Amino acid sequence: MTLHYGIMGAASIVPRFIAGVAASKSSKVVAIAARNEKRAQKMANDWQIATVYPDYQTLCAAPEIDVIYIPLYNRAHFNGAKLALENGKNVLLEKPFTLFADQARSLFKLAAQKHVFLMEAQKAAFLPITQQVKALVTSGKLGKIHYLDSQSSHAGAATIPWFNDLASGGGAFYGSAAYPLDYLQVLLGSAGITGVTGQSIHVGNESDRQASALISFDSTLASIFITSTFDLASQMVIHGTKGKIIIPNFWKTDHAFVTLNDQPTKRLAVKQQSEFSFEVDHVATCLQKGKLVSPIMTPEITIQTCQIIETLYRKWYINYDQLMR
């Protein structure tokens, strides 16, 4: 059985997601809707999408759609997902899942009440390279993991019209922190986090341009740095007592580098047509098995990530509640 996707929005990520669905073994995009119907129509023409719906409600009510994929601007994630869930649709919701942890909790509660599937669209969790990295970590071949270092540059983000508006979910940390925070929890578990601290750079009440966070696990520290102001090699490095792994562009990569003890560095590599296809196939597998949540990209990971991000923003902006109205 082929799963039929409807897409809510026509953001720049949509063509890449459509290509990922096309590369999957399980799914097909059959409909799209956007606030700008002409833009949705152009995307439908460019990507051979059968139906363009005039609004999101009509999209969510369409009987031929099994899953709604939501790549709306950050603040609209909650309302978009709520609308789809209320219409009894399975939902794949882009990052950041929601701006507030309570919103994330309420969406998972609603999905359970409606008996539909809900997952954060975190493609990094399902990459073959990620699975190989996790196997190395859990097998003990790296020894005891003491430190993980993540750095990400998204210098083009500042061109997004709403990027400087915190209330819209703009900012370096709101925009990109879910990638390393989710990844760390996929590798090390969400229950092991014992502390979080961080700093940001922002001008007045504008959203942050750079941010860093230090996440402590039982005996492991993880450092996260995100910038939208300059180019930087994006990667995650995992340091263990017996070696290290370097994962360039860890959220979408098809390769990584492993060095164990004094052995020569080994390159891990896989062939992948699209970094999105593994996530899409995972959703299909979950639905085929009757699961309402992912056993890998769990609600606990998603909610914890939302809570960490919200907590840090509340520390960085003394008038956070006022700004986020």
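Quick caveat: nothing in here was measured; it's all calculated off a predicted structure.

### A look at the overall build of the chain
Secondary structure assignment for the chain yields 11 helices and 14 strands. Relative to a compact globule of 325 residues, whose C-alpha radius of gyration would be 20 Å, the chain shows 19 Å and is just as compact. Summarising its shape, the C-alpha atoms of the chain cover approximately 60 × 45 × 35 Å along the three principal directions. Across the 325 residues that make up the chain, the buried fraction comes to 56%. Looking at the chain alone, contacts between residues at least 24 apart form 67% of all its contacts between residues at least 6 apart. In the form shown here, the chain has an accessible surface area of approximately 13,900 Å², with 51% of it arising from carbon and sulfur atoms.

### Notes on the side chain of Ser 274
Positionally, Ser 274 belongs in the loop between strand 14 (266-269) and helix 9 (277-288). One polar contact links the side chain of Ser 274 to the main-chain amide nitrogen of Phe 276, over a distance of 3.1 Å. Sequence-distant contacts of Ser 274, defined by excluding residues within four places in its chain, comprise Arg 16, Ala 19, Gly 20 and Ala 23.

### Re the sheet that holds strand 1 (residues 3-8)
Strand order across the open sheet formed by 6 strands is 3-2-1-4-5-6, with parallel pairing between neighbours. Sheet topology places strand 3 (51-52) and strand 6 (118-120) at the edges, where each strand pairs with a single neighbour. With 3 bridges joining them, strand 5 (residues 90-93) and strand 6 adopt parallel strand pairing. From the neighbouring strand, Val 91 faces strand 6, where its bridge partner is Leu 118.

### Focus on the pattern of salt bridges
Taken as a whole and assessed by the stated rule, the structure comprises 8 salt bridges. For the salt bridge of Asp 102 with Arg 105, the shortest nitrogen-to-oxygen distance reads 2.7 Å. Here the residue Asp 102 and the residue Arg 105 both occupy positions in helix 5 (residues 101-114), the gap between them amounting to 3 residues, near one helical turn. The exposed category is assigned to Asp 102, whose relative accessible area is 57%. Looking at Arg 105, the relative accessible area reads 37%, which means it is partly exposed. Close ionic contact of Arg 209 with Glu 206 constitutes a salt bridge, the shortest N to O distance being 2.5 Å. The class of Arg 209 is partly exposed, set by a relative accessible area of 27%. Through salt bridges that share partners, Glu 310, Arg 314 and Asp 321 make up one connected network.

### Comments concerning the layout of surface pockets
Approximately 1,100 Å³ is the volume attributed to the largest pocket. Grouping the amino acids of the lining of the largest pocket by side-chain chemistry returns 18 nonpolar, 14 polar and 7 charged.

### Comments concerning the nonpolar core
Val 133, Phe 173, Ile 215, Ile 238, Ile 245, Ile 247 and Tyr 313 are the most contacted members of the largest nonpolar core, which totals 48 residues. In contact with Ile 215, other than residues within four places in its own chain, are Leu 181, Leu 184, Ile 193, Gly 195, Val 196, Thr 220, Leu 221, Ala 222, Ile 224 and Ile 308. One finds Leu 3, Ile 32, Ala 121 and Phe 276 within the second-largest nonpolar core, a separate group that totals 33 residues.

### A word on the environment of Leu 184
You can see Leu 184 is positioned in helix 8 (residues 178-188). Here Leu 184 falls in the buried class, since its relative accessible area comes to 3%. Considering only alpha carbons, one finds Leu 184 and Phe 217, 33 residues apart in sequence, at a separation of 10.0 Å. Leu 184 has contacts with Leu 148, Gly 189, Ile 215, Phe 217, Ala 222, Ile 224 and Met 236, leaving out every residue within four places of it along the chain.

### Structural notes on the state of the cysteines
Here is the idea: a disulfide is a covalent bond, and it sits between the sulfur atoms of two cysteines. Summed over the entire model, instances satisfying the criterion amount to 0 disulfides. In this structure Cys 60 is a free cysteine whose sulfur lies 20 Å from that of Cys 306, the closest cysteine sulfur available. The cysteine Cys 306 is free of any disulfide, with Cys 286 supplying the nearest cysteine sulfur at 19 Å. Note on Cys 306: relative accessible area 4%, which makes it buried.

### Considering the packing of aromatic side chains
The description of an aromatic ring pair uses the distance of the two centres, along with the angle that the planes make with each other. Per the counting criterion, the structure on display carries 15 aromatic pairs. Ring plane angle 15° and centroid distance 4.2 Å describe the contact between Tyr 174 and Tyr 313, whose orientation is recorded as stacked. Of this pair, Tyr 174 sits in helix 7 (residues 172-176) while Tyr 313 sits in helix 10 (residues 299-316), placing them 139 residues apart in sequence.

### Section: helix 4 (residues 77-86)
Those residues of helix 4 not exposed but buried are His 77, Phe 78, Gly 80, Ala 81, Ala 84 and Leu 85. All buried residues of helix 4 fall inside an arc of 165° around its axis, so they share one side. Looking at the buried positions of helix 4, the neighbouring elements they touch are strand 1, helix 3 (56-61), strand 4 (67-70), strand 5, helix 5 and strand 6. Of the residues flanking the end of helix 4, it is Gly 88, one or two places downstream, whose phi is positive at about 75°.

Rules used throughout
Residues numbered from 1 in each chain as written. Predicted model: local features only at pLDDT ≥ 70, side-chain atom pairs only at ≥ 80, totals over all residues. Heavy atoms only, no water. Helix = DSSP H or I, 4+ residues; strand = E, 2+ residues; numbered from the N terminus. Rg over C-alpha atoms; globule rule 2.2 N^0.38 Å. Buried < 20%, exposed > 50% of the residue type's maximum accessible area, 1.4 Å probe, protein only. Contact = heavy atoms within 4.5 Å. Areas by Shrake-Rupley, 256 points an atom, 1.4 Å probe, with all protein chains shown as cover. Polar contact = N/O pair within 3.5 Å; in protein donor to acceptor, adjacent residues only side chain to side chain. Pairing = 2+ DSSP bridges. Salt bridge = Lys/Arg side-chain N within 4 Å of Asp/Glu carboxyl O. 1 Å grid on protein atoms, 1.4 Å probe; cavity = no way out; pocket = protein on both sides within 12 Å on 5 of 7 lines; lining within 4 Å. Points joined across faces, edges and corners; volume = space filled by probe spheres on them. Nonpolar A, V, L, I, M, F, W, Y, C, P; charged D, E, K, R; others polar. Core = buried A, V, L, I, M, F, W, Y, C linked by side-chain atoms within 4.5 Å. Disulfide = S-S within 2.5 Å. Phe/Tyr/Trp six-rings, centres within 6.5 Å; stacked < 30°, edge-to-face > 60°. Arc of directions from axis to C-beta.

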